[in-house]
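# Understanding the architecture of this molecule
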Amino acid sequence: MKVAITSTGNTLESTLDQRFGRCTCFVIYNTETKGIEFIPNPNRDAQEGAGPASVQIVASRGVGKVISGEFGFKIKSLFDSLKIQMIVLKEPEKKISEIIEMLNN
């Protein structure tokens, strides 16, 4: 399964970005192949609609789960309709590498 993780940067040492729609980067991790892809978020500085536009980015990558610090109120119904699970992780200091390790265990 592919999992999207919101990140403050484009390395495994970056930390979890608390914002979904306006995160710096999406990390797409494939739990089966262990492949990792970093995608800069073009919606980071959008005036409005950053959340729904970001949903489209992760959905187009075929993810089944998204991990972030929080999700905007417009997002839940979109993810529900796409059958994508949202996981809220309230640990802003958590590194991407640590989150991937949690997914592997």
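Here, the structure is the one placed above.
Read on for a plain summary of the structure. These numbers were taken from a predicted model, which means no experiment stands behind them.

### Digging into the pattern of salt bridges
A side chain with one charge may pair with a side chain of the opposite charge, provided their charged atoms come close. Applying the stated criterion to the full structure yields five salt bridges. Linking Asp-17 and Arg-19 is a salt bridge whose minimum nitrogen-to-oxygen distance equals 3.0 Å. By relative accessible area, Arg-19 is classed as partly exposed at 40%.

### Structural notes on the sheet that holds strand E5 (residues 85–88)
With mixed pairing, the five strands of this open sheet are ordered in space as E3-E2-E1-E4-E5. What marks the edges here is a single partner per strand, and that holds for strand E3 (36–40) and E5. Averaged over all pairs of adjacent strands, the angle between their axes in this sheet comes to 20°, without regard to strand direction. Inspection of the sheet shows strand E1 (residues 2–7) paired to strand E2 (residues 25–30) by six bridges, in the antiparallel sense. Opposite Val-3, over in E2, you have Tyr-29 as the bridge partner.

### Remarks on the packing of aromatic side chains
Counted under the stated rule, the structure contains four aromatic pairs. Seen from their ring centres, Phe-20 and Phe-79 are 5.4 Å apart, and the 70° between their planes marks the pair as edge-to-face. Pair noted here: Phe-20 is in the loop between E1 and E2 and Phe-79 is in helix H2 (residues 75–82), with a separation of 59 residues, a long-range link. In this structure Phe-20 comes out as buried when scored by relative accessible area, which is 2%. With a relative accessible area of 0%, Phe-79 lands in the buried category. Three or more aromatic residues link up through ring pairs in this structure, and these residues are Phe-20, Phe-26, Phe-71 and Phe-79.

### What about the side chain of Ser-68?
Within the element layout of this structure, Ser-68 appears in strand E4 (residues 63–68). When sequence neighbours within four positions are dropped, the list of residues in contact with Ser-68 reads Thr-6, Leu-16, Asp-17, Gln-18, Arg-19, Phe-20, Ile-87, Val-88 and Leu-89.

### Observations concerning the layout of surface pockets
What the largest pocket holds in volume is close to 280 Å³. In this structure, the largest pocket is lined by 15 residues; those nearest its centre are Gly-21, Arg-22, Ala-50, Gly-51 and Gly-72. At three residues, helix H1 (residues 50–60) tops the list of elements feeding residues into the lining of the largest pocket. Of the residues contributing to the lining of the largest pocket, the split by class is six nonpolar, four polar and five charged.

Reading guide: rules and limits
- Residues numbered from 1 in each chain as written.
- Predicted model: local features only at pLDDT ≥ 70, side-chain atom pairs only at ≥ 80, totals over all residues.
- Heavy atoms only, no water.
- Salt bridge = Lys/Arg side-chain N within 4 Å of Asp/Glu carboxyl O.
- Buried < 20%, exposed > 50% of the residue type's maximum accessible area, 1.4 Å probe, protein only.
- Pairing = 2+ DSSP bridges.
- Helix = DSSP H or I, 4+ residues; strand = E, 2+ residues; numbered from the N terminus.
- Axes fitted to C-alpha atoms, helices over the stretch in contact; angles between N-to-C directions.
- Phe/Tyr/Trp six-rings, centres within 6.5 Å; stacked < 30°, edge-to-face > 60°.
- Contact = heavy atoms within 4.5 Å.
- 1 Å grid on protein atoms, 1.4 Å probe; cavity = no way out; pocket = protein on both sides within 12 Å on 5 of 7 lines; lining within 4 Å.
- Points joined across faces, edges and corners; volume = space filled by probe spheres on them.
- Nonpolar A, V, L, I, M, F, W, Y, C, P; charged D, E, K, R; others polar.

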